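An overview of the molecular structure
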Amino acid sequence: MKLLIALAVLVAGLPAAAPPPPPPADIRSGFQHPGVLLDLDQIDTLRRNVEEGREPQASAYRRMKESRYSADDYRPHPYKTVACPPYKNPPACTAEREDAIAAYTQALLYTVTRDPAHARRAVRIMDAWSKVMTDHTEGNSALQAAWSGSTWARAAELMRHTYEGWPAADAFRFGRMLRHAYLGEYAEEVADYNGNWDLTMIDATMAIGVFLDERRVFDEAVRRFRARVPAYFYLRGDGPVPLAPPGGKADTPEEIRQFWFGQRTFVDGLAQESCRNFQHVGYALAATAHAAETAHHQGVDLYGEVRERLRATVELHARFSLGEPVPKALCGGRPQLTMGPDLEVALHHLRGRLGLSMPYGEKLAASMRPAGTDDLFVAWETLTHGARLATCTDRVACHDQRRP
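Residues numbered from 1 in each chain as written. Predicted model: local features only at pLDDT ≥ 70, side-chain atom pairs only at ≥ 80, totals over all residues. Heavy atoms only, no water.

Side note on the environment of Arg 154
The topology assignment puts Arg 154 in helix α7 (residues 141-162). For Arg 154, a relative accessible area of 2% puts it in the buried group. As a C-alpha pair, Arg 154 and Ala 107 span 47 residues in sequence and 8.9 Å in three-dimensional space. Setting aside anything within four residues of it in sequence, one finds Arg 154 in contact with Val 36, Leu 37, Tyr 104, Asp 203, His 290 and Phe 377. Polar side-chain contacts of Arg 154 include one of 3.0 Å to the backbone oxygen of Phe 377. (Helix = DSSP H or I, 4+ residues; strand = E, 2+ residues; numbered from the N terminus. Buried < 20%, exposed > 50% of the residue type's maximum accessible area, 1.4 Å probe, protein only. Contact = heavy atoms within 4.5 Å. Polar contact = N/O pair within 3.5 Å; in protein donor to acceptor, adjacent residues only side chain to side chain.)

Written as structure tokens, this is what we have:
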């Protein structure tokens, strides 16, 4: 009896065991994994294209392999708090974005080579951050969290569902970081901000929702997508002025014109930030395509709802980026032609799967290949989604071409 009492006292004095992480919730939620930007068919085809030296993947892979993000000795620099004031770029903000891209880069290297050293590096980067990171602060916190969060989710999704060496408890801790230090930032009301903010936050929300197997989070991203995308990319059917962002202060024709940087003439494909610069339109196009692609893998056809908006926007901005004179009625005839490598995912679906004619978009994308990374949230999309689109001439074959 004394022995039993002693054992009971000893056991009572031990720290309680941590509860095991919950089982993968895809059984409950019905999510397809991997399913953030890439699915298994795309991964298999990507690997095969690189192994067989097919373009544009072969050149894109070489560019990624030569980047600093693929270094064998890459070391993460995690911060407990990432404070990002507007118009500044403190070390913590740069480190977070770059470490997320490095984790995604190493995850892609693993999907191609199956070398577990790359997977271990990706996991090591993510574990370093999930052990310490707790918050984003300052005026750019939501945008910073969206840039990094969307990339973290892509990397984590690949590692969680293609690599068996990431302990479940560590993956659960990383998911907890995304839930508590990222998702809350996206709840901020940004209807009066330039639209690339909201669209990037939607991209990150959807990606994180899939990784976490949280149907509620995913559905909220779908709702926001349907509300904001039509208010950012204009079609003449919207009326004489663009649609107002839901919940925003700009709700009269003149206020909407001012929100669109004073633009008074609207044509198919014009975007809310076209007269600011094409660079931010590129961010918005990339974020919108990322979200629609992830939704596509989850059986939700957001592309179908906005495909004409995306096609018109890509073609309009590509035409002018390639040198066609800009009418004075559009942005005073002198917009800033600063679009980056942001078209590959949209083209992959609109041209590659649907066979829509997009000659200007194809030409501009080809001129930027192999696309690298903007060091924000767009990375290696010629590798993951760049198809030899110009060879896709049969409409039925194009529609069935679901691989990069």
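Past the structure itself, the notes keep going.
A look at the side chain of Asn 194
Position of Asn 194 relative to the elements: it lies in the loop between α8 (168-181) and α9 (195-212). A distance of 3.0 Å separates polar atoms of two side chains, one belonging to Asn 194 and the other to Gln 272. Setting aside its immediate chain neighbours within four residues, Asn 194 contacts Arg 228, Phe 261, Gln 272, Glu 273 and Arg 276.

Side note on unusual backbone geometry
Cis peptide bonds are those with omega within 30 degrees of zero, and the linkage from Glu 55 to Pro 56 qualifies with 10 degrees. Positionally, Pro 56 belongs in the loop between α3 (40-51) and α4 (57-65). In the segment running from Arg 369 into Pro 370, the intervening peptide bond is cis, with an omega of -5 degrees. You can see Pro 370 is positioned in the loop between α15 (359-368) and α16 (381-385). Notably, Arg 114 is not glycine yet its phi reads approximately 60 degrees, a positive angle. Turning to its location among the elements, Arg 114 is positioned in the loop between α5 (91-113) and α6 (116-130). Within the chain, Glu 138 stands out as a residue other than glycine whose phi angle is a positive 75 degrees.

A look at the state of the cysteines
Summed over all chains, the structure comprises two disulfides. Here Cys 84 pairs with Cys 93 through a disulfide, and the sulfurs are 2.0 Å apart. Measuring the twist about the S-S bond at about -125 degrees, one finds the Cys 84-Cys 93 disulfide to be left-handed. For Cys 84, a relative accessible area of 3% gives the class buried. A relative accessible area of 1% means that Cys 93 is categorised as buried. (Disulfide = S-S within 2.5 Å.)

Things to note about α9
Each turn of an α-helix holds 3.6 residues, which means side chains three or four residues apart point in the same direction. Given a rise of 1.5 Å per residue, 18 residues ought to cover 26 Å, and the 26 Å separating the end C-alpha atoms of α9 matches this to within 8%. In terms of burial, α9 is a largely internal element, 18 of the 18 residues being buried. Positive phi shows up at Asp 213, right after α9, with a value of about 60 degrees. (Expected span 1.5 Å × (residues − 1).)

Quick word on the environment of Asp 203
With respect to the element layout, Asp 203 can be found in helix α9. Take Asp 203: its relative accessible area is 3%, and that puts it in the buried class. In this structure the C-alpha to C-alpha distance between Asp 203 and Val 222, which are 19 residues apart in sequence, comes to 9.6 Å. Sequence-distant contacts of Asp 203, defined by excluding residues within four places in its chain, comprise Ser 150, Arg 154, Ala 287, His 290, Ala 291 and Phe 377.

Treat this as a map of the structure, not an account of what it does.
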